[in-house]
Amino acid sequence: MLIALADLAVELGKDDGDELSLTVRQIAERFVQLYWRQATPYGIGRPGAEPAVLSQNLGTQAAVVAEIADFRATCGVMSPQAARSHPKYGALVSSVGATVSAQPLARLQNFGGITDKFLYERSAKGAIRLKPGVAFCLRRFHSLIQQLARTRWIGHVKANTRNHGVLGDVDDLEDFLFATPRQSLLLLGAGLRKIDGAKCFYCGDVLAACDVDHFMPFSLYSRDLAHNFVLAHAKCNRSKSDSLAARPHLENWLERLLRHKDNISELGQKVGIVVDSAVCHQVAGWGYSSAKAGGGHAWVHERQYELIDDGYTGLLGAGRTSSEI
């Protein structure tokens, strides 16, 4: 729940300290995306493994996982992106929403037998309202919230005795729970070569082998979005690392969002990676604004950085609306 609320605060909120209204459906759709891969058996292809869907509860399987697993088995849909166009997707989201409303939303603010509504209140049927300052804090401390929540999630799954025979001597549980499958990234990389050409996004030189890089660093915003991926030389990717990219790269990326929006959307649908160019633009605005407020620097090329100033935030807001992106 904290992961979903923090992501939605980044994507839909502002740094003005105001309240933020969210629908249960918006939260439920994020739960579907978060649990989608976890509703498939873990351990397939690993020697000596006993493939099974990992237990998320100490008793019966978590209701959301069971609902998604049943939808996948019944409808034969391979990705949450493709699921959105299936006739039964609305029913899945409604069912997950009912579970989310009755359980984590109702319980997250319970402590020692009392309820302290310090994060949100029910504002209407099927909606909540984050209290003043909450969205701001979720945005400001997004990376820390994600890290703490994911670490706790991994620990919970590992500690569940029902999973011990499935996990064995596991070393890739975090990737399974949260990362895009490697095969999807390979297909994405091949598709981006056709869209962008066989050249490094950052230095422009011809590519032979290449990395599929998160333009907005994964360490900053750990949700895979098709429009956030670019092709890069391994050397450029390593040099940029977890840094934001400098203004020339940002200008190219924004122009690419407009020019290739539909092509990348089609590719994302095909390989099963979430498609939302408007959210990519919103995340970039949040990331660069936060970095500017903290006196951050952006990566130009190897061993060269520049201060993030008003020009960056102006560029991200200059004449572009969500409908245009």
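Thresholds applied
- Residues numbered from 1 in each chain as written.
- Predicted model: local features only at pLDDT ≥ 70, side-chain atom pairs only at ≥ 80, totals over all residues.
- Heavy atoms only, no water.
- Helix = DSSP H or I, 4+ residues; strand = E, 2+ residues; numbered from the N terminus.
- Rg over C-alpha atoms; globule rule 2.2 N^0.38 Å.
- Buried < 20%, exposed > 50% of the residue type's maximum accessible area, 1.4 Å probe, protein only.
- Contact = heavy atoms within 4.5 Å.
- Areas by Shrake-Rupley, 256 points an atom, 1.4 Å probe, with all protein chains shown as cover.
- Lys, Arg positive; Asp, Glu negative; His and termini not counted.
- Charge placed at Lys NZ, Arg CZ, Asp CG, Glu CD.
- Patch = residues over 30% accessible without salt bridge, like charges linked within 9 Å, V, L, I, M, F, W, Y side chains within 5 Å.
- Salt bridge = Lys/Arg side-chain N within 4 Å of Asp/Glu carboxyl O.
- Pairing = 2+ DSSP bridges.
- Core = buried A, V, L, I, M, F, W, Y, C linked by side-chain atoms within 4.5 Å.
- Phe/Tyr/Trp six-rings, centres within 6.5 Å; stacked < 30°, edge-to-face > 60°.
- Lys NZ or Arg CZ within 6 Å of the ring centre and 35° of its normal.

(A) Looking closely at the overall build of the protein chain. Within the protein chain, the regular secondary structure consists of 16 helices and nine strands. In summary, the protein chain has a C-alpha radius of gyration of 20 Å against a globular reference of 20 Å for 325 residues, a match within 12%. Across its three principal directions, the C-alpha atoms of the protein chain cover 55 × 50 × 40 Å. Across the 325 residues of the protein chain, 47% fall into the buried class. For the protein chain, the share of sequence-separated contacts (at least 6 apart) that also reach a separation of at least 24 residues comes to 69%. Within the structure as shown, the protein chain displays about 15800 Å² of accessible surface, and the carbon and sulfur contribution to it stands at 53%. One way to put it: in the protein chain the 36 positive side-chain charges average out to a point 3 Å from where the 33 negative ones average out.

(B) Expanded view of a negative patch on the surface. On the surface, Asp169, Asp171, Glu174 and Asp175 cluster together to form a negatively charged patch. Turning to its location among the elements, Glu174 is positioned in helix α10 (residues 173-178). Take Glu174: its relative accessible area is 48%, and that puts it in the partly exposed class.

(C) Broad picture of the environment of Glu266. Checked against the element boundaries, Glu266 lands in helix α14 (residues 261-271). On the basis of relative accessibility, which here comes to 58%, the residue Glu266 falls in the exposed class. Once the C-alpha coordinates of Glu266 and Gly191 are considered, the two residues, 75 residues apart in sequence, prove to be 9.9 Å apart.

(D) Structural context of the pairing of strand β9 (residues 304-307). Examined bridge by bridge, strand β8 (residues 297-301) and β9 share four bridges and lie antiparallel to one another. Paired with Trp299 across the two strands is Tyr305, which belongs to β9. Hairpin connection between β8 and β9: a loop of two residues separates the two successive antiparallel strands, and Arg303 in this loop has a positive phi of roughly 65°.

(E) Spatial organisation of the nonpolar core. Residues Ile27, Phe31, Leu54 and Leu130 are the most contacted members of the largest nonpolar core, which totals 52 residues. Here the element with the most residues in this core is helix α2 (residues 24-35); it accounts for seven residues. With residues up to four places along the chain from it excluded, the contact list for Leu54 reads Tyr42, Gln61, Val157, Asn163, Val166, Leu167, Leu173, Phe176 and Leu177. Core analysis: the next-biggest nonpolar cluster, separate from the first, contains 45 residues, Met216, Val230, Trp253 and Ala291 among them.

(F) Up close: the packing of aromatic side chains. In total, this model carries twelve aromatic pairs according to the counting rule given. Ring plane angle 55° and centroid distance 5.3 Å describe the contact between Tyr35 and Trp153, whose orientation is recorded as tilted. Linking Tyr35 in helix α2 with Trp153 in helix α8 (residues 142-159), this pair joins segments that are 118 residues apart in sequence. Take Tyr35: its relative accessible area is 15%, and that puts it in the buried class. Here the aromatic rings of Trp153 and Phe178 are separated by 5.1 Å at their centres, their planes lie at 80°, and the arrangement is edge-to-face. On the criterion of sequence distance, the pair formed by Trp153 in helix α8 and Phe178 in helix α10 is long-range, its members being 25 residues apart. Of the two residues, Trp153 and Phe178, both sit in the buried class. Aromatic ring contacts, followed pair by pair, group Phe201, Tyr202, Phe215, Trp253 and Trp299 into a single cluster. The ring of Phe215 carries Lys240 above its face, with NZ or CZ at 5.9 Å from the centroid.

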